[in-house]
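# Coordinate analysis (summary)
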There are 2 protein chains.
Amino acid sequence: MAIPVLRPLSTIAYNTIRLNDSVHKAKKLVCCAPSSISNLVGSEAGVCLSVGTHLIPHPDKVEKGGEDAFFVSSHGGGVIAVADGVSGWAEKDVNPALFSCELMANASRFVEDEEVNYDPRSLIRKAHAATTSIGSATTVVAMLETNGILKIASVGDCGVRVIRKGQIIFSTSPQEHYFDCPYQLSSEAIGQTFLDATVTTVELMEEDTVVMGSDGLFDNVFDREIISIVSSCDNVSNAAMFVLLAKALANLAYNHSKDSSFESPYSQEARTQGFDVPWWKKIMGMKLTFVISSEVLDSFLQKKAERRAVVVGAMDGGDEPNGCSSRFG
Amino acid sequence: MAIPVLRPLSTIAYNTIRLNDSVHKAKKLVCCAPSSISNLVGSEAGVCLSVGTHLIPHPDKVEKGGEDAFFVSSHGGGVIAVADGVSGWAEKDVNPALFSCELMANASRFVEDEEVNYDPRSLIRKAHAATTSIGSATTVVAMLETNGILKIASVGDCGVRVIRKGQIIFSTSPQEHYFDCPYQLSSEAIGQTFLDATVTTVELMEEDTVVMGSDGLFDNVFDREIISIVSSCDNVSNAAMFVLLAKALANLAYNHSKDSSFESPYSQEARTQGFDVPWWKKIMGMKLTFVISSEVLDSFLQKKAERRAVVVGAMDGGDEPNGCSSRFG
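Below is a summary of the structure that appears in this document. Please read all numbers here as calculations on a predicted model, not as lab measurements.

### Let's talk about the overall build of chain A
Check the secondary structure of chain A and you find nine helices and 16 strands. In chain A, buried positions account for 61% of the 329 residues. Across chain A, every contact between residues at least 6 apart in sequence was considered, and the portion connecting residues at least 24 apart equals 77%.

Structure below.
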């Protein structure tokens, strides 16, 4: 349960605000990429991402679909983004999923906007400004240019790892006010904005694997475990593999979060900072798990620019035919 | 002692090759930035770095000045670079400092080259191609554009941290073939090249602090300690402060390397990877220490473009009036 940043004396009646139908529909449209559209062809030549996604909501939050949202777009070389609703809002009778889902819905709506100009920080700015739900969320947006440059903007503790030849060559760094209170885009003026985003780029090469996730992944799974899982798929390179990869990472995070004897990155960090990890947090697996894994298909160094951009998106919704529809149930 | 990558059957007589005088002089020119030139004014308007540097060679290597080399330039918004000679070459009767120092000398020579075009990977390419010494080195080059974007190219395990408001918002990731054998630019064909560099950028803001160092810093000092030392200087902002900051970081790394009871990031990583750290490595402090600390003076967000770029370089050579002259003694 991440801690929300609130105005201490806010008088807003949080529990009276609900999304209207039109917003609900927009989110349905955005937050899923069912396997039936797993062979999208992008509109531009150059490098591109092959993407697999997987989401495991916290068991207590399955009904509401969990607090994580994401979107995948084939615009440019490919766009992937995750937002994680700050769970502490539940104590104010606010569904923490609403803000993150609307944020991603809006990001998807503006991804090709001229003002955004294929800049992830501008996309965060526009999406945040358009979000009317009460709540807050951490987010990371990554946009691949067709020349192989991955541009990343991040607010809070969602993260990205780039794995090349069996090692992590790039990591984002989480931002937090203090332990377990991440920077967050918020409905409240006291929250962070696009101006607080850390903006980085990394030049990708052919066969690089990009792993993006909420803190539920990186708090429960060590980088060396991510490397190990990604490396085990080194010789396979098709769309289905990335779904399996995302699933394997999400499952590992989930299993670790349920294992009270596992010394996770989260519990190690807590101890380093002088906190003892509450037993209920370990046992109940409070951390959500969401992960996108992707690989660059074409090498900009090899100038395979004649190939078309391809983005493959797949969400494994388990028994649910459309993962998103259940997330707002 | 990092492990060099060698051609297993190489027949080169390593111990017969020495730098000639002209190269020696070029390196003297480059690898020092004595405090007397601590108020260089750059040639371009926009953001810039204020820089402090400090070097503590390994006690056994003081005579040769250690194996680390660096250069600081006021070109553009400011350029800082570190190279760390791979110490394993000493076993082949090759002074490990020669390659790293010549590499930095050449990088300094080409920093304003048109072909380099203010691109750190191109600078590594040209500097490496011009380096004739036998040996190998890890290196990192960071070039600040006057719009606040810090461009970084890195081969091996030299590193960069960017600290903003008491937290690390950007880290480079080390590259290695296996534990303690980093990627390295080499005189041997089997080594890495500019093509293996990890290339990243990070958008800096006013008051960000950039810490660059060899593995001697990051293997001995935890990120939380770097944050703590940088934060202790938060209210001071002058050129001398950055020298003190670099000195404090280098001293901490040195003291940790001499403290056989200290569980360093290096020994923790070794244990994680299944190695036991040799007692002699702990006791003798094999890791060298070199650090550059710097801060962005102007904010590109606040458009203080009327200010001139300022780069301050200072090397504390201890009792030696010119740190560099002693490094090739």
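### Describing helix α7 (residues 265–272) of chain A
Three or more residues of α7(A) are buried, namely A:Pro265, A:Tyr266, A:Ser267 and A:Ala270. Looking one or two residues past α7(A), A:Gly274 carries a phi angle of roughly 90°, positive in sign.

### A closer look at the relation of the copies chain A and chain B
For the match of chain A to chain B, the screw axis carries a shift of 0.0 Å, the RMSD comes to 0.0 Å, and the turn is 180°. Seen this way, the second copy is the image of the first under a two-fold rotation axis. Minimal C-alpha separation from the rotation axis in chain A is found for A:Thr201, amounting to 2.5 Å. Looking at the interface residues of chain A, 100% of them are also at the interface in chain B, so both copies use one shared face.

### Description of the pattern of salt bridges
All chains considered together, the criterion is met by 14 salt bridges over all chains. Between A:Asp208 and A:Arg164 there is a salt bridge whose closest N-O contact spans 2.8 Å. You can see A:Asp208 sitting in the loop between β12 (198–203) and β13 (209–213) and its partner A:Arg164 sitting in strand β7 (residues 159–164), a full 44 residues away along the chain. Of the two residues, A:Asp208 and A:Arg164, both sit in the buried class. With a closest N to O distance of 3.5 Å, B:Lys126 and B:Asp113 form a salt bridge.

### Thoughts on the packing of helix α2 (residues 96–110) of chain A against helix α3 (residues 120–130) of chain A
All names here are of chain A. Following both chains from N to C, one finds α2 and α3 inclined at 125°, their axes separated by 8 Å at the closest point. Regarding the angle of α2 to α3, the classification is oblique. Remark: the crossing between α2 and α3 carries right-handed chirality. Two secondary-structure elements touch here, α2 through Phe 99, Glu 102, Leu 103, Asn 106, Ala 107, Arg 109 and Phe 110 and α3 through Leu 123, Lys 126, Ala 127, His 128 and Ala 130. Residue composition of the contact of α2 with α3, grouped by class: seven nonpolar, two polar and three charged.

### Overview of the interface of chain A and chain B
Taken together, the contact pairs 25 residues of chain A with 25 residues of chain B. When chain A packs against chain B, the two sides together hide about 2100 Å² of surface, and 41% of this comes from carbon and sulfur. Ranking the residues of chain A by area buried against chain B places A:Gln167, A:Ser173 and A:Glu203 at the top, with a combined share of 22%. Applying the counting criterion to the chain A and chain B interface returns two salt bridges.

### Focus on the packing of aromatic side chains
Inspection of every chain in the model, using the stated rule, returns four aromatic pairs over all chains. Over the face of the ring belonging to A:Phe222 we find A:Arg224, whose NZ or CZ atom lies 4.4 Å from the ring centre. The side chain of B:Arg161 reaches across the aromatic face of B:Phe218, ending 4.1 Å from its centre.

### Here's the deal with helix α3 (residues 120–130) of chain B
Among the eleven residues of α3(B), eight are classified as buried, and the element is accordingly described as predominantly covered. Residues of α3(B) that are buried include every one of B:Pro120, B:Arg121, B:Ser122, B:Leu123, B:Ile124, B:Lys126, B:Ala127 and B:His128, and no others.

### Side note on the pairing of strand β7 (residues 159–164) of chain B
All names here are of chain B. Within β7, six of the six residues are buried, leaving the element largely enclosed by the surrounding structure. Across the two faces of β7 the burial is the same, with Gly 159, Arg 161 and Ile 163 and Val 160, Val 162 and Arg 164 all buried. Pairing of β7 with strand β13 (residues 209–213), which is carried by five bridges, proceeds in the antiparallel orientation. Bridging from a neighbouring strand, Arg 161 pairs with Val 211 of β13. The antiparallel hairpin formed by β7 and strand β8 (residues 167–172) contains two residues in its connecting segment, where Lys 165 sits at a positive phi of about 50°.

### Description of the environment of A:Gly77
You can see A:Gly77 is positioned in the loop between β3 (68–73) and β4 (79–85). For the pair formed by A:Gly77 and A:Val47, sequence separation is 30 residues and the distance between their alpha carbons is 5.9 Å.

### As for the side chain of B:Asn95
All names here are of chain B. Structurally, Asn 95 is set in the loop between β4 (79–85) and α2 (96–110). Here Asn 95 falls in the buried class, since its relative accessible area comes to 16%. Side-chain polar atoms of Asn 95 contact the backbone nitrogen of Ala 97, separated by 2.9 Å.

### Some points on unusual backbone geometry
Glycine aside, the phi torsion of most residues is negative, and most peptide linkages are trans. Despite not being glycine, A:Tyr118 has its phi angle at roughly 55°, a positive value. Structurally, A:Tyr118 is set in the loop between α2 and α3. In the Ramachandran plot, B:Asp180 falls in the positive-phi region, its phi being about 70° despite a non-glycine side chain. Residue placement: B:Asp180 occurs in the loop between β9 (176–178) and β10 (181–182). Looking at B:Asp180, the relative accessible area reads 8%, which means it is buried.

### Concerning the side chain of A:Glu102
If you trace the backbone, A:Glu102 turns up in helix α2. A polar contact is formed between the side chain of A:Glu102 and the side chain of A:Ser133, at a distance of 2.5 Å.

### Observations concerning the environment of A:Ser267
Residues and elements named next belong to chain A. Along the chain, Ser 267 turns up in helix α7. Separated by 162 residues in the primary sequence, Ser 267 and Ala 105 place their C-alpha atoms 33 Å from one another. Among the polar contacts made by the side chain of Ser 267, one reaches the main-chain amide nitrogen of Ser 264 at a distance of 2.8 Å.

### Observations regarding the state of the cysteines
All names here are of chain A. A full pass over the atoms with the stated rule returns zero disulfides over all chains. Free of any disulfide, Cys 181 has its nearest cysteine sulfur in Cys 158, 14 Å distant. A relative accessible area of 2% means that Cys 181 is categorised as buried.

### Looking at the pairing of β13(A)
Counting buried residues along β13(A), five of its five residues qualify, which places the element largely inside the surrounding structure. Neither face of β13(A) is left uncovered, since the one carrying A:Thr209, A:Val211 and A:Gly213 and the one carrying A:Val210 and A:Met212 both have all their residues buried.

Reading guide: rules and limits
Residues numbered from 1 in each chain as written. Chains lettered and ligands numbered in written order. Predicted model: local features only at pLDDT ≥ 70, side-chain atom pairs only at ≥ 80, totals over all residues. Heavy atoms only, no water. Helix = DSSP H or I, 4+ residues; strand = E, 2+ residues; numbered from the N terminus. Buried < 20%, exposed > 50% of the residue type's maximum accessible area, 1.4 Å probe, protein only. Contact = heavy atoms within 4.5 Å. Least-squares fit on C-alpha atoms with pLDDT ≥ 70 in both. Salt bridge = Lys/Arg side-chain N within 4 Å of Asp/Glu carboxyl O. Axes fitted to C-alpha atoms, helices over the stretch in contact; angles between N-to-C directions. Parallel < 35°, antiparallel > 145°, perpendicular 65-115°, else oblique. Left-handed = near helix turned anticlockwise from the far one by under 90°. Nonpolar A, V, L, I, M, F, W, Y, C, P; charged D, E, K, R; others polar. Buried area = accessible area lost by both parts, 1.4 Å probe. Phe/Tyr/Trp six-rings, centres within 6.5 Å; stacked < 30°, edge-to-face > 60°. Lys NZ or Arg CZ within 6 Å of the ring centre and 35° of its normal. Pairing = 2+ DSSP bridges. Polar contact = N/O pair within 3.5 Å; in protein donor to acceptor, adjacent residues only side chain to side chain. Disulfide = S-S within 2.5 Å.

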